[in-house]
Amino acid sequence: MMFSFILSPVAYGALRGLRNLTFTLALPFSAASVAYAEPVTVFALGDSLTAGYGLPEGEGLVPQLNAWLDAQGADVTVLNGGVSGDTSAGGLSRLAWSLTPEVDALIVTLGGNDLLRGLQPSVTRSNIEAILTEAQTRQLPVLLIGMAAPGNFGPEYKAAFDQLYPELAAHYGAQLVDSYFGLIDPAATDPGQISQYMQADGIHPNADGVKRAVEALGPQILTLVDQID
């Protein structure tokens with residue numbers, strides 16, 4: 001199992017302080033500094049899809065997303081809080097210490113491993129609801145990225161699992177992406193429909209698949225940032 005959450009909050013806080021100091025010193029000299037906004041930090045809580053499993057350094061979701069944001073001139077940094085193999089329960093268990101004071105918004109991409117283990121939708125719903133409740137308590141805007149259950153668990157299971165994401169997003173005012181794999185191809189609901197963009201395991205996207213996901217997800221991140229109070 002790969003663990004990709006390696007950024008030190010202390011180190012990032014120091015960097016952020018340095019950037020603020022630079023801004024203060026530059027104020028008398030640049031009219032453009034009037035439009036300066038504080039740098040924004042978004043924490044991406046997820047599993048291997050977030051962690052960048054099976055991809056070279058720099059080609060995973062978070063590095064590609066940060067490069068996309070930088071190309072747009074957005075002063076936004078996404079922190080990689082992806083842990084390969086993590087279930088929704090695992091994400092919930094590390095949420096509190098992951099949300100350091102620097103974090104301004106949250107991305108949640110969990111549930112894929114719940115499906116692989118055949119966990120009941122009610123369990124996934126309870127865990128994700130607890131995550132959204134904590135974010136709401138901290139007044140953090142959330143982008144919730146859903147997963148779609150395969151049909152082999154039966155229609156009742158699929159309906160219950162697929163519905164939990166839009167229902168929770170509506171209840172907690174979270175921004176919603178219906179399906180992670182839909183970011184790669186809007187017509188796709190599962191990895192089997194986009195095999196050309198998947199790694200050999202058929203579960204994780206390759207670098208081209210991630211690039212397509214980032215092109216669709218990037219504007220969603222900018223919308224999320226606009227919600228920060």
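Residues numbered from 1 in each chain as written. Predicted model: local features only at pLDDT ≥ 70, side-chain atom pairs only at ≥ 80, totals over all residues. Heavy atoms only, no water.

## A word on the packing of aromatic side chains
Line of reasoning, step 1. Per the counting criterion, the structure on display carries 4 aromatic pairs.
Line of reasoning, step 2. Measuring from ring centre to ring centre gives 6.3 Å for Tyr157 and Phe161, while their planes differ by 5 degrees; the resulting arrangement is stacked. Residue Tyr157 and its partner Phe161 are located together in helix 8 (residues 155–172), separated by 4 residues, close to a single helical turn.
Line of reasoning, step 3. For Phe161, a relative accessible area of 0% puts it in the buried group. (Phe/Tyr/Trp six-rings, centres within 6.5 Å; stacked < 30°, edge-to-face > 60°. Helix = DSSP H or I, 4+ residues; strand = E, 2+ residues; numbered from the N terminus. Buried < 20%, exposed > 50% of the residue type's maximum accessible area, 1.4 Å probe, protein only.)

## Observations regarding helix 8
Owing to its 3.6 residues per turn, the α-helix aligns residues three or four sequence positions apart on the same side.
Line of reasoning, step 1. Compared with the 26 Å implied by 1.5 Å per residue over 18 residues, the 26 Å span of helix 8 between its first and last C-alpha is a close match.
Line of reasoning, step 2. Its axis deflected by about 35 degrees at Leu164, helix 8 carries its strongest bend there, up to four residues before the proline Pro166.
Line of reasoning, step 3. For helix 8, the complete set of buried residues consists of Tyr157, Phe161, Leu164, Tyr165, Leu168, Ala169 and Tyr172. (Expected span 1.5 Å × (residues − 1). Bend = angle between axes of the 7 residues up to and from the residue.)

## Details of helix 10 (residues 207–226)
Line of reasoning, step 1. For helix 10, with 20 residues, the first-to-last C-alpha span of 28 Å sits near the 28 Å given by 1.5 Å per residue.
Line of reasoning, step 2. Remark: the principal bend of helix 10, roughly 35 degrees, maps to Leu217, with a proline, Pro219, within the next four residues.
Line of reasoning, step 3. When helix 10 is considered as a whole, its buried residues turn out to be Gly209, Val210, Ala213, Val214, Leu217, Gly218, Ile221, Leu224 and Val225.
Line of reasoning, step 4. Between a side-chain oxygen at the N-terminus of helix 10 and the backbone nitrogen of Asp208 the separation is 3.1 Å; the capping residue is Asn206. (Polar contact = N/O pair within 3.5 Å; in protein donor to acceptor, adjacent residues only side chain to side chain.)

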